[in-house]
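# Fold and contact review
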Amino acid sequence: MIRLFVSDLDNTLFNDKKTVNPEDKEALMALADAGVQVCLASGRMDKELVSVMNELQGEFHRISQNGAFIYDTNNQRLYSAHFDGDTARELFRIAEPYQLVGFISQEDGMFVPRKSALVQQIETQMRMPIEERVDVLDCLGTSIFASKLCYIGDMDEIKKLEATVKEHFADRVDSFISDRHCIDFMPPGVSKGVGLKRLIDHLGMKEEEVACIGDSYNDISMLRLTKHSFAMAVADAAVKQEATHTVASVAEAARWVLAYNSQSSAK
């Protein structure tokens, strides 16, 4: 039996308007009604996941910022991670020469040294405000504890930055392509897959009792965790090959899970 269904947000549960299609909402509710627990797993902030959960009127587990923060349905924090101040500061400064827009995130806030017109445009895609803090670099490690550094822009520039970071930081920083034209830099050992493993261990579940769905490279670690994995049809081929199934929507994956459980209970 599948007891937990885990869904990514952007380009998976979210449509192009960054909202949830009615059929996907109904599918998640059908899972919950059938006794399948639901988890949202995203590179986004926990506050954004809470916003989605409230809109869907459900009680979901949450894995935010690619696994840096994990909460169960009782809102109990199971895990948190952040960079030390010097590493975060050094990482931000190394990225400055590249033609990218950078954001520094901690659990409850997202910061930029200067709020440009482009930042304001990106902010419209978020479910929480981006804060301008001219002193953000000075505050790292004291009043601001960076859990993720995110850069948005041209993919060629992103790949150049990623190569530089890998060379300079070795095993002190992990990186994930989390969306189109977006890369996330994370503390070492933080990923959706590791976060999901922490959650299912807490819930006393087995990996084969979990199904998950995603579309991007930061989803691969959780797609590899269970044999009941789904990649969105819009995903790159490299992501699809890591999943057991390819589907057009969360609703399609949810229907498969319900049918699978029905067959399992009939045996």
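Residues numbered from 1 in each chain as written. Predicted model: local features only at pLDDT ≥ 70, side-chain atom pairs only at ≥ 80, totals over all residues. Heavy atoms only, no water.

## Observations concerning the overall build of the protein chain
Check the secondary structure of the protein chain and you find 11 helices and 14 strands. Relative to the globule expectation of 18 Å for 267 residues, the C-alpha radius of gyration of the protein chain, 18 Å, shows essentially globular dimensions. For the protein chain, the spread of C-alpha atoms along the principal axes amounts to about 60 × 35 × 35 Å. Relative to its 267 residues, the protein chain shows a buried fraction of 55%. Looking at the protein chain alone, contacts between residues at least 24 apart form 60% of all its contacts between residues at least 6 apart. (Helix = DSSP H or I, 4+ residues; strand = E, 2+ residues; numbered from the N terminus. Rg over C-alpha atoms; globule rule 2.2 N^0.38 Å. Buried < 20%, exposed > 50% of the residue type's maximum accessible area, 1.4 Å probe, protein only. Contact = heavy atoms within 4.5 Å.)

## A word on the sheet that holds strand E14 (residues 245-247)
Strand order in the open sheet formed by 8 strands is E5-E4-E3-E2-E1-E12-E13-E14, and the pairing between neighbours is mixed. Across the chains shown, the open sheet's two edge strands, defined by having one partner strand only, are strand E5 (77-80) and E14. For this sheet, the mean angle separating the axes of adjacent strands, direction not counted, is 15°. Bridging between strand E12 (residues 210-214) and strand E13 (residues 228-232) involves 4 bridges; their strand directions are parallel. In the sheet register, Ala211 faces E13, and the bridge partner there is His228. In the packing of helix H3 (residues 46-56) onto the sheet, contacts are made with strand E2 (37-41), strand E3 (61-64) and strand E4 (69-71), and the angle to E3 comes to roughly 145°. (Pairing = 2+ DSSP bridges. Axes fitted to C-alpha atoms, helices over the stretch in contact; angles between N-to-C directions.)

## Observations concerning the pattern of salt bridges
By the definition in use, this model includes 19 salt bridges. Residue Lys166 pairs with Glu162 through a salt bridge whose shortest N-O separation is 3.8 Å. Taken together, the positions of Lys166 and Glu162, both in helix H7 (residues 155-169) and 4 residues apart, correspond to about one turn of that helix. Relative accessible area serves as the criterion here: at 52%, Lys166 is assigned to the exposed category. (Salt bridge = Lys/Arg side-chain N within 4 Å of Asp/Glu carboxyl O.)

## Remarks on the pairing of strand E9 (residues 148-153)
In this sheet, E9 lies alongside strand E6 (residues 100-106) in antiparallel orientation, the contact comprising 6 bridges. The partner of Phe103 across the bridge, within E9, is Cys150. Sheet topology places E9 next to strand E11 (residues 182-186); 4 bridges connect them, and they run antiparallel. Paired with Tyr151 across the two strands is Ile183, which belongs to E11.

## Describing the packing of aromatic side chains
Aromatic rings considered in pairs are described by the distance between their centres and by the relative angle of their planes. A full pass over the atoms with the stated rule returns 4 aromatic pairs. Summarising the aromatic geometry, the rings of Tyr151 and Phe185 are spaced 6.0 Å apart at their centres and angled 65° between planes, so their arrangement reads as edge-to-face. Within this pair, whereas Tyr151 is found in strand E9, its partner Phe185 is found in strand E11, the two being separated by 34 residues in sequence. Across this residue pair, the class does not change: Tyr151 and Phe185 are buried. Ring plane angle 75° and centroid distance 5.4 Å describe the contact between Phe230 and Trp256, whose orientation is recorded as edge-to-face. Of the two residues, Phe230 is situated in strand E13 and Trp256 in helix H11 (residues 250-266); the sequence distance between them amounts to 26 residues. Relative accessible area serves as the criterion here: at 1%, Phe230 is assigned to the buried category. Given the relative accessible area of 29%, Trp256 is considered partly exposed. (Phe/Tyr/Trp six-rings, centres within 6.5 Å; stacked < 30°, edge-to-face > 60°.)

## Examining the layout of surface pockets
Taken as a whole, the largest pocket holds about 610 Å³ of empty space. Mapped by element, the contributors of at least two residues to the lining of the largest pocket are helix H1 (9-13), E6, helix H5 (117-123), E9, strand E10 (174-179) and E11. No other element matches the 4 residues that E9 contributes to the lining of the largest pocket. Its residues placed into classes, the lining of the largest pocket shows 10 nonpolar, 10 polar and 12 charged. (1 Å grid on protein atoms, 1.4 Å probe; cavity = no way out; pocket = protein on both sides within 12 Å on 5 of 7 lines; lining within 4 Å. Points joined across faces, edges and corners; volume = space filled by probe spheres on them. Nonpolar A, V, L, I, M, F, W, Y, C, P; charged D, E, K, R; others polar.)

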